[in-house]
Amino acid sequence: MVVTGECNCGTVVFEADVDEPDVFICHCSICRRFTGSNGIAVVLCKNDAFRWLRGEDKKTVWNKPNAQWQANFCSVCGSALPGSDNIDSMFIPAGSISSGGEKLRVAHHIWVDSGAAWDVIGDQGRIHAKAFKA
Ligand SMILES: [Zn+2]
Ligand SMILES: [Zn+2]
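Residues numbered from 1 in each chain as written. Chains lettered and ligands numbered in written order. Predicted model: local features only at pLDDT ≥ 70, side-chain atom pairs only at ≥ 80, totals over all residues. Heavy atoms only, no water.

Draft legend 1. Representation of the coordination of the zinc ion (ligand 2) in the model. Note on the zinc ion (ligand 2): its protein donors are Cys-26 (SG), Cys-28 (SG) and Cys-31 (SG). The metal-donor distances range over 2.1 to 2.3 Å. You can call Cys-26 buried: its relative accessible area is 10%. (Donors = N, O, S within 2.8 Å, 3.2 Å for Na, K, Ca; no water. Buried < 20%, exposed > 50% of the residue type's maximum accessible area, 1.4 Å probe, protein only.)

Draft legend 2. Looking closely at the coordination of the zinc ion (ligand 1). Here the zinc ion (ligand 1) is held by the protein donor atoms Cys-7 (SG), Cys-9 (SG), Cys-74 (SG) and Cys-77 (SG), which lie 2.3 to 2.4 Å from it. Around the zinc ion (ligand 1) sit 4 donor atoms, and with donor-metal-donor angles ranging over 103 to 113° the site reads as tetrahedral. Coordination of the zinc ion (ligand 1) draws on donor residues from a single chain, spaced C-x1-C-x64-C-x2-C in sequence. Overall, Cys-7 belongs to the buried group, its relative accessible area being 3%. (Tetrahedral: all angles 85-135°; square planar, octahedral: opposite > 155°, others 65-115°.)

Draft legend 3. Spotlight on the pairing of strand 3 (residues 22-26). Here strand 3 lies mainly inside the structure; 5 of its 5 residues are buried. Burial of the side chains of strand 3 extends over both faces: Asp-22, Phe-24 and Cys-26 are buried on one face and Val-23 and Ile-25 on the other. Sheet topology places strand 3 next to strand 11 (residues 105-110); 5 bridges connect them, and they run parallel. Paired with Asp-22 across the two strands is Arg-105, which belongs to strand 11. Strand direction decides the pairing type here: strand 3 and strand 4 (residues 40-46), joined by 3 bridges, are antiparallel. Bridging across to strand 4, Ile-25 finds its partner in Ala-41. (Helix = DSSP H or I, 4+ residues; strand = E, 2+ residues; numbered from the N terminus. Pairing = 2+ DSSP bridges.)

Draft legend 4. Spotlight on the layout of surface pockets. There is about 740 Å³ of room inside the largest pocket. Lining the largest pocket are 25 residues; nearest its centre among them are Cys-26, Gln-68, Trp-69, Asp-85 and Ile-110. Elements with a minimum of two residues in the lining of the largest pocket: strand 3, helix 1 (29-35), strand 4, strand 7 (70-74) and strand 8 (83-86). The residue inventory of the lining of the largest pocket, partitioned by class, reads 18 nonpolar, 6 polar and 1 charged. Estimates place the volume of the second largest pocket at around 240 Å³. As for the second largest pocket, its lining consists of 14 residues, of which Glu-20, Leu-44, Cys-45, Lys-46 and Ser-89 are closest to the centre. At the level of secondary structure, the elements contributing two or more residues to the lining of the second largest pocket comprise strand 3, strand 4 and strand 8. When residues of the lining of the second largest pocket are assigned to their parent elements, the largest contribution, 3 residues, is made by strand 4. (1 Å grid on protein atoms, 1.4 Å probe; cavity = no way out; pocket = protein on both sides within 12 Å on 5 of 7 lines; lining within 4 Å. Points joined across faces, edges and corners; volume = space filled by probe spheres on them. Nonpolar A, V, L, I, M, F, W, Y, C, P; charged D, E, K, R; others polar.)

Draft legend 5. Quick look at the packing of aromatic side chains. For the structure shown, the criterion picks out 6 aromatic pairs. Each ring, one from Phe-50 and one from Trp-52, has its centre 4.8 Å from the other, and the planes form 75°; the classification is edge-to-face. The interplanar angle of 70° and the centroid separation of 6.4 Å between the aromatic rings of Trp-62 and Trp-69 together place this pair among those described as edge-to-face. Of the aromatic side chains, those joined through ring pairs into one cluster are Phe-14, Phe-50 and Trp-52. (Phe/Tyr/Trp six-rings, centres within 6.5 Å; stacked < 30°, edge-to-face > 60°.)

Draft legend 6. Representation of the side chain of Asp-22. Position of Asp-22 among the secondary structure elements: in strand 3. Residue Asp-22 is classed as buried on the basis of its relative accessible area, which comes to 16%. Side chain to side chain, Asp-22 and Arg-105 meet in a polar contact 3.3 Å long. The contacts of Asp-22, once residues within four sequence positions are left out, are Val-42, Val-43, Arg-105, Ala-107 and His-108. (Polar contact = N/O pair within 3.5 Å; in protein donor to acceptor, adjacent residues only side chain to side chain. Contact = heavy atoms within 4.5 Å.)

Have a look at this one:
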């Protein structure tokens, strides 16, 4: 499926070919601070299936010291943006997708053991106490 997305101010726009309809929700404390919510929901795609349509130069990347974690956000409005997941794939914040995401569904919850006390999971996604395990 082809999804398109953007930040709240519209400076950054992207599109991607997403193979799997799986949404991953990370409940860790770092993602919670980033979003201010119970975690972050992301979709994955291959690097070569992702295209910035405009505003890539307005993306700010912040690497958390001593952690394998980075924040990707619009330097104008602060919206979460796609970033590098590993050497060959990208993650896309599911909430930034504005069209084409109708078939997406929550498939996995990760780092559930470190979730907020008030975080109640109420969908069919698989529970992973820590990192994703296939
Ligand atoms: Zn923006
Ligand atoms: Zn996380």
